[in-house]
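Here is how the chains run, residue by residue.
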Amino acid sequence: MGATGAAEPLQSVLWVKQQRCAVSLEPARALLRWWRSPGPGAGAPGADACSVPVSEIIAVEETDVHGKHQGSGKWQKMEKPYAFTVHCVKRARRHRWKWAQVTFWCPEEQLCHLWLQTLREMLEKLITEHANQAKETLYEINIDKYDGIVCVGGDGMFSEVLHGLIGRTQRSAGVDQNHPRAVLVPSSLRIGIIPAGSTDCVCYSTVGTSDAETSALHIVVGDSLAMDVSSVHHNSTLLRYSVSLLGYGFYGDIIKDSEKKRWLGLARYDFSGLKTFLSHHCYEGTVSFLPAQHTVGSPRDRKPCRAGCFVCRQSKQQLEEEQKKALYGLEAAEDVEEWQVVCGKFLAINATNMSCACRRSPRGLSPAAHLGDGSSDLILIRKCSRFNFLRFLIRHTNQQDQFDFTFVEVYRVKKFQFTSKHMEDEDSDLKEGGKKRFGHICSSHPSCCCTVSNSSWNCDGEVLHSPAIEVRVHCQLVRLFARGIEENPKPDSHS
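To keep things clear, this report deals only with the structure shown in the data block. (Residues numbered from 1 in each chain as written. Predicted model: local features only at pLDDT ≥ 70, side-chain atom pairs only at ≥ 80, totals over all residues. Heavy atoms only, no water.)

**Let's talk about the overall build of the protein chain**
Our working definition: The helix and strand labels rest on DSSP assignments: H or I over at least four residues marks a helix, E over at least two residues marks a strand, and numbering proceeds from the N terminus. In this analysis, two residues are considered to be in contact whenever any of their non-hydrogen atoms come within 4.5 Å of each other. Using a 1.4 Å probe, the Shrake-Rupley method yields the accessible areas, and only the shown protein chains count as cover for residues.
A count of helical and extended segments in the protein chain gives 10 helices and 20 strands. Counted over contacts in the protein chain with a minimum sequence separation of 6, partners at least 24 positions apart contribute 79%. When the accessible area of the protein chain is evaluated, it comes to approximately 23,500 Å², of which 50% is carbon and sulfur surface.

**Overview of helix α3 (residues 155–173)**
Selection rule: One fewer than the residue count of a helix, multiplied by 1.5 Å, yields its expected span. Buried means the residue's accessible area, taken with a 1.4 Å probe over protein chains only, is under 20% of the maximum for its type, while exposed means over 50%, and partly exposed covers the values in between.
Over its 19 residues, α3 extends 27 Å from the first C-alpha to the last, a length consistent with the 27 Å expected when each residue adds 1.5 Å. Counting buried positions along α3 gives 14 out of 19 residues, so the element sits mostly inside the fold. Directly beyond the C-terminal end of α3, a positive phi value near 75 degrees is found at Gly-174.

**Remarks on the pairing of strand β12 (residues 238–242)**
Defined as follows: Pairs of strands are assigned from DSSP output, requiring at least two bridges between the strands.
In terms of burial, β12 is a largely internal element, four of the five residues being buried. Pairing geometry for strand β11 (residues 225–233) and β12, over four bridges, is antiparallel. Of the residues in β12, the one forming a bridge with Ser-230 is Ser-242. Between β11 and β12, which pair antiparallel one after the other, the connecting turn spans four residues, and Asn-235 there sits at a positive phi close to 50 degrees.

**A look at the environment of Ile-191**
Among the structural elements, Ile-191 can be located in strand β10 (residues 190–195). For Ile-191, a relative accessible area of 1% translates into the label buried. Beyond its immediate sequence surroundings of up to four residues, Ile-191 is in contact with Ile-149, Phe-158, Val-161, Leu-162, Leu-165, Arg-479, Leu-480 and Phe-481.

**Considering the pairing of strand β6 (residues 82–91)**
Consecutive side chains along a regular strand alternate between the two faces of the sheet. Summarising burial for β6: eight of the 10 residues are buried, a large majority. In the sheet, β6 pairs with strand β7 (residues 97–106) via 10 bridges, with the strands oriented antiparallel. When the bridges of β7 are listed, Cys-88 appears paired with Ala-100. Two successive antiparallel strands, β6 and β7, enclose a turn made up of five residues, where Arg-94 displays a positive phi of approximately 55 degrees.

**Considerations on the layout of surface pockets**
Selection rule: The pocket and cavity definitions rest on a 1 Å grid over protein atoms only: a 1.4 Å probe that fits but cannot leave marks a cavity, an open set with protein on both sides within 12 Å along at least five of seven lines marks a pocket, and residues lining either have an atom within 4 Å of a point. Grid points are joined across faces, edges and corners, and a volume is the space filled by probe spheres set on the points. Residues are grouped as follows: nonpolar covers Ala, Val, Leu, Ile, Met, Phe, Trp, Tyr, Cys and Pro; charged covers Asp, Glu, Lys and Arg; every other residue, Gly included, is treated as polar.
Taken as a whole, the largest pocket encloses approximately 1,500 Å³ of empty space. Mapped by element, the contributors of at least two residues to the lining of the largest pocket are α3, α6 (250–259), α7 (267–279) and α9 (386–394). Tallied by class, residues from the lining of the largest pocket come to 17 nonpolar, 12 polar and 10 charged.

**Digging into the pattern of salt bridges**
Spelled out, the test is: Any Lys or Arg side-chain nitrogen located within 4 Å of an Asp or Glu carboxyl oxygen qualifies as a salt bridge.
Across all of its chains, the model carries 15 salt bridges by this definition. Residue Glu-213 is joined to Lys-98 by a salt bridge in which the shortest nitrogen-to-oxygen separation is 4.0 Å. Placement of Glu-213 in helix α5 (residues 212–221) and of Lys-98 in strand β7 is noted, with a sequence separation of 115 residues between them. Among the ionic pairs, Arg-412 bridges to Asp-377, the shortest N-O distance being 2.8 Å. In this pair, Arg-412 sits in strand β17 (residues 408–420) while Asp-377 sits in strand β16 (residues 376–382), placing the two residues 35 residues apart along the sequence. Of the residues examined, Asp-377 reaches a relative accessible area of 1% and is grouped as buried. The structure contains a network of salt bridges with shared partners spanning Arg-91, Asp-223, Arg-483 and Glu-486.

**Section: the nonpolar core**
So the rule is basically this: Nonpolar core, defined: a set of buried Ala, Val, Leu, Ile, Met, Phe, Trp, Tyr and Cys residues in which side-chain atoms within 4.5 Å join the residues together.
Of all hydrophobic cores here, the largest spans 58 residues; its most connected members are Phe-158, Leu-162, Ile-381 and Phe-389. A total of six residues in this core trace back to one element, the largest contributor, which is α3. Dropping the residues within four chain positions of it, Leu-162 is found in contact with Ile-191, Val-229, Tyr-241, Val-243 and Val-478. With 20 residues, the next largest nonpolar core counts Leu-380, Phe-416, Phe-418 and Val-471 among its residues.

**Things to note about the packing of α7 against α9**
The line we're drawing: Axis angles are defined between N-to-C directions and span 0 to 180 degrees, where every axis is a line fitted to C-alpha atoms and, for a helix, only to the segment in contact. Oblique is the label for any angle not covered by the other classes, which are roughly parallel (under 35 degrees), roughly antiparallel (over 145) and roughly perpendicular (65 to 115).
Where α7 contacts α9, the two axes come as close as 10 Å, and the packing angle between them is 140 degrees. Relative to α9, the element α7 lies oblique. Of the residues in α9, those in contact with Phe-277, Leu-278 and Ser-279 of α7 are Arg-386, Phe-389, Leu-390 and Leu-393. Along the lines of polarity and charge, the residues of the contact of α7 with α9 split into five nonpolar, one polar and one charged.

**As for the environment of Lys-316**
Looking at the element boundaries, Lys-316 is found in helix α8 (residues 310–327). Residues Lys-316 and Asp-373 lie 57 residues apart in sequence; the distance between their C-alpha atoms is 5.7 Å. Those residues in contact with Lys-316 that lie beyond four places of it in its chain are Cys-475 and Gln-476.

And the structure:
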């Protein structure tokens, strides 16, 4: 008895023991194939055979078989059987992973110990201390020896780790983050998320569930998923990075109002949401954007991003080809690329780098948004009645097309700018730059008695007060311990 396929050794493993730890893991591609203890139907041909992907093994331990029932089959005839137990991954319904155990038997003690030693070397565990401030710690510690960072918390905790990792990487590479056109350097480290927040949008959109056990198993087996990041600037100053939602108007007002009511707990979001809906404020301004012509597909093609996504791979290749042509002067640079401008009164302006799915909205704000195609879906909700806006919001919870309204426009962009009407008379670099590059394509709308001068931006759950911003999407800037949402996964059983 033995194993088929040579197991590639893991580089190193740093097990997550506390919050905000660093973790290192590299998956192996091989199958552990041996005899296991029998279950129901043990007498059937091949019933006592089992294979476990080495890339999905969590831990191994020696099993004490003395005095235990040894079952029937080949190992019943062994005079002195030896065994070890493998802790691994088992797939369940709705994209969930579960913990499973498989016991492997062997007649020879030396062979059993050889397997244990080999597997333990691949899964050697190291432990690190956690820091109180993840972002500050990432600027201080030596991260070269790690392959990733794991955080336990919600989208806010993930954002803190994200900013620390990107900032540390750009500082090491000598890149000025405050420059809006700076080409950011991707980090070699991956980020893992154990969801423990109120929404867990990033985890839900990249794994398909906010189940903590599933996320932990993705980290342990060493999955890797590239994801876009948007940089948000104002007057050549970096404000924040965004990976999920950047919302002005409705979602900006909700997050701003909810911050004043933190004493309500999670109920503050429902309260502020109802209050904002009834207020029905709209905001006047100008949105200019650069269409993402390198991408494959559109926001309304009903083709969601899934594990091994073809759209993300193909879009990244085309974007790299565009960048090479621009570098050698074969095509026009950004200064003379064709921008589009839309102005008017808006209830909401949303930019999503991912579907922004969550438990309350399983399909998200933009169901066909892709994680790594180098673009963002820009959604403009113009002034409309409360009833129509409610119809729009309800469609986020069902299977209907939420973009199928005359007052809703959606574009796939790689860069956009926004200036509120209140700022248009001031000396703004964004405004002056827009006048030189393109002309206005404005639509006239009747005046609204509920127009307010400025709203705030909801940037991944954080409030930004700047009424004029410049946003740029950086293709596949970070990597997560995830593999994307698997298409109709079939539950596997190792027992």
